[in-house]
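Structure at a glance
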Amino acid sequence: MKDYEIKLELLFYGVRLSNTVKKEFITSGKVELFNDYITCTGMMISFNNQYVTCKINENSKYIVDFVNNQICLKKDNNIIKKIIIIEPAKYMINNELNRYGQPYSDYVVIHKFRARIQPINGCAYDCKFCNDNLYEYQKYPIELLDDALQKAIKENEIKNLLISAGTPKRNNIDYEYQNNVYKYFGKKYDNLPIDIMTAPRGIDTNKNKDSYIKFFKMLKVLNLADLSVNLELYNEEARRKYIPLKNYYSRKEYLDYMQLATEYLGNNIVKSGIIVGLENEGDTLKAIEELAKRKIRVILSPYIPFNNIGKSPTPEVMKRILLRAKEITNKYDSTLSSKYIWCRHNEISF
Ligand code: SF4
């Protein structure tokens, strides 16, 4: 089996932890699991050039075991890979608090070399496959975000930043707050490439080209690695059903917005996530093609069941979509998967 095929199986089956691993690492507190959004929960491991976050599944045929002082991945009792367990940062494990008694991890979460800054707790949107919108909506002070980021950088090797988390409410105060977050971190940490994840938006709440262009111009002066605008789904009915508020921008408006962003920011700076498994494969492939022909980087995420909706795509489905996505992106001289391999831990990727 190729490494990426193992990764796809791990995304589907997750891993079981051997009793030795449980005792040596988990119970002793030496190793902690990630407990983040639904897409980032479980054990993050790496082998060769693969990073993958695996759910913990007592019935999985994949076992993480400790053999001859080496952590290994076993399948059906055979060792197939030596692996490294990627742990959350120490301040996350120890739930360290800032001077106001709040966990640093509320503000900044680390996945290997990437620090994710979370300006907004909760979310103004209501995507049905997401658990972020279950938390109370709150804008965090920039000072406290920076405080946490300084700690993260001091104690860890950080190679890129992501500003993500919830979508702001559609009012000019919250939009202005988010603009200030982008400008503040983009300028202060201009040695680190920055990935900004947002729903389509302008400099303010106006839904017009002038407002969008002002927003892109504001981002263009930053050390921007990516602007992530996740289309999520292609099928119109599925969009209405699963992403009702995101669908405030229609599919066409999403695509037009990303195309305009590409004109201002450059090819393959804009990237877009597609959820695989929540709509039929034909629609997923259409989404990939629409993105690729606009030189928008395609990110494939396996659907992780939530709220009793749908099922995860099988490894076979993931592989089929991935291979077709590769052909399509090659055809349009476009790109597939996140630039940094540690950011691909929850992606369907090679
Ligand atoms: S916009 Fe993003 S964070 Fe908000 S509910 Fe949708 S998927 Fe979750």
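Residues numbered from 1 in each chain as written. Predicted model: local features only at pLDDT ≥ 70, side-chain atom pairs only at ≥ 80, totals over all residues.

**Side note on unusual backbone geometry**
Glycine aside, a negative phi is what most residues show, and trans is what most peptide bonds show. The cut-off we apply is this: Helix and strand labels come from DSSP, where a helix needs a run of H or I of at least four residues and a strand needs a run of E of at least two; each type is numbered from the N terminus.
Even without being glycine, Lys112 reaches a positive phi, approximately 55°. Along the polypeptide, Lys112 turns up in the loop between β9 (108-111) and β10 (114-117).

**Thoughts on helix α4 (residues 142-155)**
Worth spelling out the cut-off: Each residue after the first adds 1.5 Å to the expected span of a helix. Whether a residue is buried, exposed or partly exposed is read from the other C-beta atoms within 10 Å of its own C-beta, which are placed from the backbone; 20 or more gives buried, 12 or fewer gives exposed, and intermediate counts give partly exposed. Here the arc refers to the set of directions running from the helix axis out to each C-beta atom. Throughout, a pair of residues is in contact if the C-beta atoms placed from their backbones lie within 7 Å.
When the terminal C-alpha atoms of α4 are compared, their 20 Å separation across 14 residues agrees well with the 20 Å that a helix rising 1.5 Å per residue should span. Along α4, the residues that are buried comprise Leu145, Ala148, Leu149 and Ala152. Seen end-on, α4 carries its buried residues on one side only, within an arc spanning 100°. Turned more than 90 degrees away from the buried face of α4 sit Glu143 and Lys154, all of them exposed. Each element contacted by the buried residues of α4 is listed here: β9 and β10.

**Focus: the sheet that holds strand β15 (residues 224-228)**
Just so we agree on the cut-off: Pairs of strands are assigned from DSSP output, requiring at least two bridges between the strands. Orientation is described by axes fitted as lines to C-alpha atoms, over the contacting stretch for helices, and by angles from 0 to 180 degrees between their N-to-C directions.
Taken in spatial order, the seven strands make up an open sheet running β9-β10-β13-β14-β15-β16-β17, and their pairing is mixed. The open sheet is flanked by β9 and β17 (297-302), the only strands paired with a single partner. Taking each pair of neighbouring strands and ignoring which way they run, the sheet shows an average axis angle of 25°. Of the pairings in the sheet, the one linking β10 to strand β13 (residues 160-163) comprises four bridges and is parallel in character. The residue bridging Arg114 from the neighbouring strand is Asn160, located in β13. Against the sheet, helix α5 (residues 172-188) makes contact with β10, β13 and β14 (194-197), and its axis sits at roughly 175° relative to β13, the strand it touches most.

**Considerations on the site of the ligand**
Formally: Working rule for contacts: place C-beta from the backbone, and if it is within 6 Å of a molecule or strand, that residue counts as near it. Under the convention adopted here, Pro, Cys and the residues Ala, Val, Leu, Ile, Met, Phe, Trp and Tyr are nonpolar, Asp, Glu, Lys and Arg are charged, and Gly plus all remaining residues are polar.
As a structural note, the neighbourhood of the ligand is formed by Cys123, Tyr125, Cys127, Cys130, Asp132, Asn133, Gly166, Thr167 and Lys246. Of the residues in the shell around the ligand, the class split is four nonpolar, three polar and two charged.

**Re the sheet that holds strand β6 (residues 70-75)**
Taken together, four strands build an open sheet; the order of strands is β1-β5-β6-β7 and the sheet is mixed. Each end of this open sheet is capped by a strand with a single partner; those strands are β1 (16-17) and β7 (78-82). Where strand β5 (residues 62-67) lies against β6, six bridges are found, and the strand directions are antiparallel. Its bridge partner being in β6, Phe66 is matched across the sheet by Ile71. On top of the sheet, helix α2 (residues 19-27) reaches β1 and β5; it is set at about 70° to β5, its chief contact.

**Digging into the domain arrangement of the protein**
This is how it is decided: Domain start and end points were adopted from an automatic or database domain assignment.
What the domain assignment lists for the protein is domain 1 (3-86), domain 2 (88-227) and domain 3 (229-350). Here domain 1 and domain 2 have C-alpha centroids that lie 29 Å from each other. Contacts between the two partners involve nine residues from domain 1, matched on the other side by eight residues from domain 2.

**Let's talk about the environment of Lys319**
Assignment of secondary structure puts Lys319 in helix α10 (residues 315-331). Look at Lys319 and you get partly exposed, because 17 C-beta atoms sit within 10 Å. Remark: the alpha-carbon pair of Lys319 and Ile348, spanning 29 residues in sequence, is separated by 8.1 Å. Setting aside anything within four residues of it in sequence, one finds Lys319 in contact with Glu5 and Leu8.

**As for the packing of helix α6 (residues 209-220) against helix α8 (residues 251-265)**
Filter applied, for reference: Roughly parallel refers to an angle under 35 degrees, roughly antiparallel to one over 145, roughly perpendicular to one between 65 and 115, and oblique to any angle outside these ranges. Each helix crossing is assigned a hand: it is left-handed if the near helix lies turned anticlockwise from the far helix by less than a right angle, otherwise right-handed if that turn is clockwise.
Where α6 contacts α8, the two axes come as close as 10 Å, and the packing angle between them is 40°. In terms of orientation, α6 lies oblique with respect to α8. Between α6 and α8 the crossing geometry is right-handed. Of α8, the residues touching α6 (which contributes Lys209, Tyr212, Ile213, Phe216, Lys217, Leu219 and Lys220) are Tyr257, Leu260, Ala261, Tyr264 and Leu265. When the residues that make up the contact of α6 with α8 are grouped by side-chain class, the tally is nine nonpolar, no polar and three charged.

**A look at the environment of Phe25**
The topology assignment puts Phe25 in helix α2. Separated by 25 residues in sequence, Phe25 and Gln50 place their C-alpha atoms 22 Å apart.

**Focus on the pairing of β6**
Between β5 and β6, which pair antiparallel and follow one another directly, the connecting turn spans two residues, one of which, Asn68, has a positive phi of 50°. Of the strand pairs in this sheet, β6 and β7 are connected by four bridges, and their pairing is antiparallel. In the strand pairing of β7, Leu73 is matched with Lys81. Hairpin remark: β6 followed by β7, antiparallel, with two residues in the connecting loop; positive phi at Asp76, about 50°.

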